[in-house]
Every structure is written in structure tokens, then in C-alpha cells.
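Structure at a glance
Take a look at the letters that make up each chain.
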Amino acid sequence: ETGVTQTPRHLVMGMTNKKSLKCEQHLGHNAMYWYKQSAKKPLELMFVYSLEERVENNSVPSRFSPECPNSSHLFLHLHTLQPEDSALYLCASSPGHFLSGNTIYFGEGSWLTVV
Amino acid sequence: KQEVTQIPAALSVPEGENLVLNCSFTDSAIYNLQWFRQDPGKGLTSLLLIQSSQREQTSGRLNASLDKSSGRSTLYIAASQPGDSATYLCAVRRDNYGQNFVFGPGTRLSVLP
């Protein structure tokens, strides 16, 4: 148990559906992240939130929409996805995005399949 | 653009062997390097973090070294056990502005009993 909880663990959705992934951290951290891990690519950073403000958006298509209502919760809203978006989506948190030397804690991930 | 590679992509060893996993990065101007473990279908667990000014870090049977000038890091696992079977990823942090890791593709390790 890393203190970062993701739900759902598995999600199957059609290309016209709207769904959301949820992440909650119980570590008192100020920074939260979404990463994508697909079969043929290394882990890719998607979004970074620091103190509830988005500080990085790594050229992610607009069909992925993050939301960070507070420093403990992070959502990834999904809309009109493509089959190539099927992947493991990992949420992570760290004490502070701009602090040096801190490690990062990952959740167990949400497996997304787009049909 | 920083690129991280890991060799080998997969490794299978008998229990008890000592083994070395390799990580290479193209831009030596890193802030730190971290080794992670990922069990199938699970998230990542941090194993060792090496700051750019350090040469190595040790935790139990694990030892990670860093040669920043040559763009290389190794993860040494002593006396491997079946419970060590997992994918091992290295990641370099680009700078001191945030947790912006660039990950390698990982080495999938199987330790056979």
C-alpha cells in the first residue's frame, strides 16, 4: 500500500463514452501526476499538478481532461477516446513538485481498454 | 531530448545468482536518477534514488551506481530470489524544476526457483 489509491482498477469504454479515472492520495503531498504506460512505449508523463494548479501538460490530446479539486484528489476525464489510448494510467504524488531530492509514489494504476 | 535505454530488455536467471541491470541516458546533465520496481499490472515502487553528485546508493541486496559523465547507471542485485521477479525501470530527472522523470522501457527479470 503506497498511500495512493486509484479507481477503477479496470475500465472498458466505447469510443463515444465519457468516463473518469480517480486518484486519491493519503500522504499529505502537494503534487500529483498522471502517467500513461502503454505496451510499446516507456512511461510517459501526461499532467502535473502542484498545489492544485496544473504546471505541466505534455502535449496531451484534449480528449484527456484532468481535474484537481484539492491537493488530495486528481481526476482524469475521458471523452471520445481512440483504441490506441488503451493503456495503464498511473497516478502519482510527491511531497512537493519543486522540491529537490523527493521521491515519487505511484498508485497501482487503472487499466483502460477502449473498444 | 533525453532518451533512456535499458539493457537487457528481459533476463531470466536461477535463484541465488548475482545480476546487473543496465541503464543508459543520452544527456548527462541530469539532476538525479531513480530505480523503480513494477510488479505485473501494478504501479511503481521506488527502490533507490541517486543524486547527480553521488556515485552509488545501497539498500539491502540492491546497489545502484551512477556514472553521470558516461551516461550510465547499473542496478546490482545480490543473491537473487524468486520474489525479485518484476520489471525494473530507471528514470532520470531532467532538472531541479519539478519531478519530471524520463523513464526507460524497463528490464523484465525472472528469477527461477
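Coordinates for the structure precede this section.
To keep things clear, this report deals only with the structure shown in the data block. It should be emphasised that the depicted structure is a prediction, and the values quoted were computed from it without experimental measurement.

So, the sheet that holds strand β7 (residues 62–67) of chain B
Strand pairing in a sheet relies on backbone hydrogen bonds. The paired strands run either parallel or antiparallel. Residues and elements named next belong to chain B. Reading across the sheet, the five strands line up as β1-β3-β8-β7-β6 and stay open at both edges, with antiparallel pairing between neighbours. Unpaired on one side and paired on the other, β1 (4–7) and β6 (56–59) mark the two borders of the sheet. Within this sheet the neighbouring strands show an average axis-to-axis angle of 15 degrees, counted without direction. Relative to β7, β6 is paired through four bridges, and the arrangement is antiparallel. Looking across to β7, one finds that S59 is bridged to L62.

Describing the pattern of salt bridges
A complete count under the given rule lists five salt bridges over all chains for this structure. The partner of E108 of chain A in a salt bridge is K42 of chain B, with the nearest N and O atoms 3.7 Å apart. In this pair, E108 of chain A is assigned in the loop between β10 (105–106) and β11 (110–114) and K42 of chain B in the loop between β4 (32–38) and β5 (44–51), connecting two distinct chains. When the shortest N-O distance is used, the salt bridge between R61 of chain B and D84 of chain B registers 2.9 Å. Of this pair, R61 of chain B sits in the loop between β6 and β7 while D84 of chain B sits in the loop between β8 (72–77) and β9 (86–93); the two residues are 23 residues apart in sequence, bridging distant segments of the chain. Here D84 of chain B falls in the buried class, since its relative accessible area comes to 7%. Three or more residues joined by partner-sharing salt bridges are found here, namely R9 and E108 of chain A together with K42 of chain B.

What counts, and at which threshold
- Each residue is numbered by its place in its chain's sequence as written, counting from 1.
- Ligands are numbered from 1 and chains lettered from A, in the order in which they are written.
- Totals for whole chains, interfaces and linings use every residue, but because this is a predicted model, local features are given only for residues with pLDDT of at least 70 and side-chain atom pairs only at 80 or more, for both listing and counting.
- The side-chain values count all of the structure's non-hydrogen atoms but skip hydrogen atoms and water molecules.
- Strands are treated as partners if at least two bridges between them are detected by DSSP.
- A helix here means a DSSP run of H or I that spans at least four residues, while a strand means a run of E at least two residues long, and both kinds are numbered starting from the N terminus.
- Convention adopted: a line fitted to C-alpha atoms gives each axis, helices being fitted over their contacting stretch, and angles between N-to-C directions are expressed from 0 to 180 degrees.
- For this document, the term salt bridge refers to a Lys or Arg side-chain nitrogen within 4 Å of an Asp or Glu carboxyl oxygen.
- Burial classes follow relative accessibility: with a 1.4 Å probe on protein chains only, a residue under 20% of its type's maximum area counts as buried, one over 50% as exposed, and anything between as partly exposed.

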